Amino acid sequence: MATWPKDVGIVALELLVPSLYVDQAQLEEFDGVSAGKYTIGFGQSKMGFCTDREDIISLCLTVVSKLMARYNIDYSNIGRLEKAQKAIQVDSGKEAIQLKHLDAMLFHSPYCKLVQKSLARLVLNDYVLTPKNELAAKFPGLEDFAQVKLENTYFDRDVEKAFMTFSKDDFEKKTKPSLFIANQVGNMYTPSLYGGLVSLLVCESASELAGKRVGLFSYGSGLASSLYSLRISKDASKGSALDKLLSGLSYVKPMLEGRKAVNPLEFSQIMEVREKNHHKAPYTPQSSPETLFPGTWYLDYIDDKHRRFYQRIPLAEQPQIQRLAL
């Protein structure tokens, strides 16, 4: 009889970010907003963006083809494929997950400041679940909130400030490492939680990660959410599954460093072109594909029947141009 496979989980991840970005401090000045609104309020240093050469189809083509090539997987070996999107996961479990049980806590990240507030909210939940006679010892300095009820705290700035201050050390240790990519790219929407996981994996060594229990919280526009945890493999030796996973992500930091900075005026003009030509057919994109990373699929043109035609930037080891029509 076949046995259930051991240690089923994530063995490979592929991250794709736009090859262009706009500096957020420069964009604050260009937009005429207060200094720090984007860099401190949102917690972003850079914001990645796409020109009219890329769309959701080209992005998916690029990331899947790179994943398959990086791990030398043949498409014929794929036995099950699942598509994920926001607002479809529902967690009906009643058991509370407390921060003290987790070595790291990752969140869906529209912007980094909200993540810090989310961790504070998790600490508040732990606080409310703690017996009254244990509050002073476990949550020193928060005695004034002993009678607080969750339903009365959603818009209470005093509660928010107090618990953000109390949870600052936990945020720095357990959550901030997961915001590396969010800080560099901005809101990735659907993949932001797994962008946080990639951030954690590329910011810590195998020995630091081995055996950690990681909490992950995802939600979609308030309609549904899921909170679950995973355990990172304890084996950090050379050639282990964890070592291979981290080796496979070694391109992430060089990819981020290899992007091209675009000034805010040019960024604004690119966004205007995309807005004006949204759903236009026939259409030939105006932006040059030369700024894209090698191996990137891009939109070549759209015909009068709204059919989309794609080409791929050649790889160094694969100089011929690839084409696809959808």
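Just above sits the structure.
Keep in mind the model is a prediction, meaning the values are calculated, not measured.

Q: I would appreciate a short explanation of the sheet that holds strand S6 (residues 260-261) in the present structure.
A: Within a sheet, each strand pairs with its neighbour through backbone hydrogen bonds, oriented either parallel or antiparallel. Judged by pairing direction, the sheet is mixed, and its 3 strands sit side by side in the order S2-S1-S6 without closing on themselves. The sheet is open, and its two edges are formed by strand S2 (46-49) and S6, each paired on a single side. Sheet topology note: the strand S1 (residues 20-23)/S6 ladder contains 2 bridges and is parallel. Bridging across to S6, Leu 20 finds its partner in Lys 260. Sheet strands touched by helix H1 (residues 24-31): S1 and S2. Its angle to S1, the strand with the most contacts, is close to 60°. Relative to S2, helix H13 (residues 264-276) is tilted by about 30°, and along the sheet it contacts S1 and S2.

Q: Got a minute to help me understand the nonpolar core in this structure?
A: Note that soluble globular proteins tend to have their nonpolar side chains buried in a common cluster. Judged by nonpolar contacts, the single largest core of 28 residues is most densely connected at Leu 15, Leu 106, Ile 181, Val 198, Leu 201, Leu 249 and Val 252. Elements that contribute at least two residues to this core include exactly strand S3 (104-107), helix H8 (180-185), helix H9 (192-203), helix H10 (206-209), strand S4 (213-220), helix H11 (241-248) and helix H12 (252-257). Tallying contributions element by element places H9 first for this core, with 6 residues. Among residues more than four places away in sequence, those in contact with Leu 106 are Ser 178, Leu 193, Gly 196, Leu 197, Leu 200, Val 214, Gly 215, Leu 216 and Phe 217.

Q: For this particular structure, what's the right way to read the pairing of S3?
A: Residue alternation in S3 divides its side chains into two sets, Ala 104 and Leu 106 and Met 105 and Phe 107, and both sets are buried. By the bridge criterion, 4 bridges tie S3 to S4 in an arrangement that is parallel. Paired with Leu 106 across the bridge in S4 is Leu 216.

Q: Would you mind going over the sheet that holds S4 with me for this structure?
A: Ordered in space as S3-S4-S5, the 3 strands form an open sheet in which the pairing is mixed. Edge positions in the sheet fall to S3 and strand S5 (224-231), since each of these pairs with one other strand and no more. Each adjacent strand pair in this sheet contributes to an overall mean axis angle of 15°, direction not counted. Seen against the sheet, helix H4 (residues 112-129) touches S3 and S4 and runs at an angle of roughly 125° to S3.

What counts, and at which threshold
- Residues numbered from 1 in each chain as written.
- Predicted model: local features only at pLDDT ≥ 70, side-chain atom pairs only at ≥ 80, totals over all residues.
- Heavy atoms only, no water.
- Pairing = 2+ DSSP bridges.
- Helix = DSSP H or I, 4+ residues; strand = E, 2+ residues; numbered from the N terminus.
- Contact = heavy atoms within 4.5 Å.
- Axes fitted to C-alpha atoms, helices over the stretch in contact; angles between N-to-C directions.
- Core = buried A, V, L, I, M, F, W, Y, C linked by side-chain atoms within 4.5 Å.
- Buried < 20%, exposed > 50% of the residue type's maximum accessible area, 1.4 Å probe, protein only.

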